[in-house]
Amino acid sequence: TRIVGCIRDVTREVQSQETNNLLVNSLNQSSDAILITDSNLERPGPTIIYVNDAICRMSGYSAAELVGQSPRIFQGPKTNRKTLNRLKADLSGNNNFQGVTTNYRKDGSEYILSWRISPVLDESGKTTHFISSQTDVTQKVRRDKKIREQDNFLREIGSMAQVGGWRYDKESDHFSWTDQLYEIHGLPYGSPIDRETALSFYTEEGQSQLKSSFLACLEKGVPYDLTLEIRDRRGRQKWCHIQGTPT
């Protein structure tokens, strides 16, 4: 009995496969939604060749439903056409793209997408693929819109009543002051305001009272109504009636 065989060094192939597995696992575990397409920008392309788990969770589609399709599958009536035209122009020039638009899930519901796309180049500098990193920013956009609307409302009320209004958003740790409040404190309109800056105008005793009242309002929903002494930026003494109510 004889046995004939051969041995071939496949170290590079094994290492390459291990690297590919690592890359795929890394992409699948990324919190960002990742999508890779070929480089054909003309209809019906580009064609999706890879999506990670995050993009499936975000869109409601399975990987099997997306691979072979065009990213146009996510588009709908509110998708910004100007943004898409800019996307095509940037990618046609082998440039990176970044934008925000409205996309649609499999069930037809809308979500606001912030995404970045970069060309993948071969050794000769030719674009072979595009890789896209996507984030659902729906809640952030809605929160920012609500903040702007509340700020505008405060300004309108303050202007009519000649009363300085303010608002604090815990999630973003952001203070908003009306123009009247800047005027009371002798500050230039639009100056950045944080908690320490706001407290700095009060006496030491006033700071302690206001700080404890503010925290009780923020954490326990207890409204407050105080009359405290301040010194504005020019050193002028003033007495202010201060109210805070949870919303």
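These numbers were taken from a predicted model, which means no experiment stands behind them. (Residues numbered from 1 in each chain as written. Predicted model: local features only at pLDDT ≥ 70, side-chain atom pairs only at ≥ 80, totals over all residues. Heavy atoms only, no water.)

## Some details on the sheet that holds strand β5 (residues 127–136)
Reasoning step 1: Read from one edge of the open sheet, five strands run β2-β1-β5-β4-β3, paired in antiparallel fashion. Only two strands of the sheet have a single partner each, and these edge strands are β2 (48–51) and β3 (97–104). Sheet twist, expressed as the mean angle between neighbouring strand axes with direction ignored, is 30°.
Reasoning step 2: In terms of strand pairing, strand β1 (residues 33–38) meets β5 through six bridges, oriented antiparallel. (Pairing = 2+ DSSP bridges. Helix = DSSP H or I, 4+ residues; strand = E, 2+ residues; numbered from the N terminus. Axes fitted to C-alpha atoms, helices over the stretch in contact; angles between N-to-C directions.)

## What about the pattern of salt bridges?
Reasoning step 1: What the rule picks out here adds up to 10 salt bridges.
Reasoning step 2: Across the salt bridge formed by Asp-32 and Arg-116, the nearest N and O atoms sit 3.8 Å from each other. In this pair, Asp-32 is assigned in the loop between α1 (11–29) and β1 and Arg-116 in strand β4 (residues 110–121), connecting sequence segments 84 residues apart.
Reasoning step 3: Across the pair Asp-232 and Lys-238 runs a salt bridge whose closest N-O atoms are separated by 3.5 Å.
Reasoning step 4: For Asp-232, a relative accessible area of 4% corresponds to the buried category. (Salt bridge = Lys/Arg side-chain N within 4 Å of Asp/Glu carboxyl O. Buried < 20%, exposed > 50% of the residue type's maximum accessible area, 1.4 Å probe, protein only.)

## So, the layout of surface pockets
Reasoning step 1: Each pocket or cavity is described by its volume, and for the second largest pocket that value is around 520 Å³.
Reasoning step 2: What lines the second largest pocket is a set of 27 residues, and nearest its centre among them are Pro-46, Arg-72, Gln-75, Leu-84 and Leu-87.
Reasoning step 3: No other element matches the six residues that helix α4 (residues 81–92) contributes to the lining of the second largest pocket.
Reasoning step 4: Looking at the lining of the second largest pocket, its residues break down into 13 nonpolar, nine polar and five charged. (1 Å grid on protein atoms, 1.4 Å probe; cavity = no way out; pocket = protein on both sides within 12 Å on 5 of 7 lines; lining within 4 Å. Points joined across faces, edges and corners; volume = space filled by probe spheres on them. Nonpolar A, V, L, I, M, F, W, Y, C, P; charged D, E, K, R; others polar.)

## Notes on the packing of aromatic side chains
Reasoning step 1: The final tally for this structure, using the stated rule, is nine aromatic pairs.
Reasoning step 2: Measuring from ring centre to ring centre gives 4.7 Å for Tyr-168 and Phe-175, while their planes differ by 45°; the resulting arrangement is tilted. Neither Tyr-168 nor Phe-175 differs from the other in exposure class; each is buried.
Reasoning step 3: In textbook terms, an aromatic cluster arises when at least three aromatic residues are bridged by ring pairs, as seen for Trp-166, Tyr-168, Phe-175 and Phe-214. (Phe/Tyr/Trp six-rings, centres within 6.5 Å; stacked < 30°, edge-to-face > 60°.)

Honestly, it's all geometry; don't read function into it.
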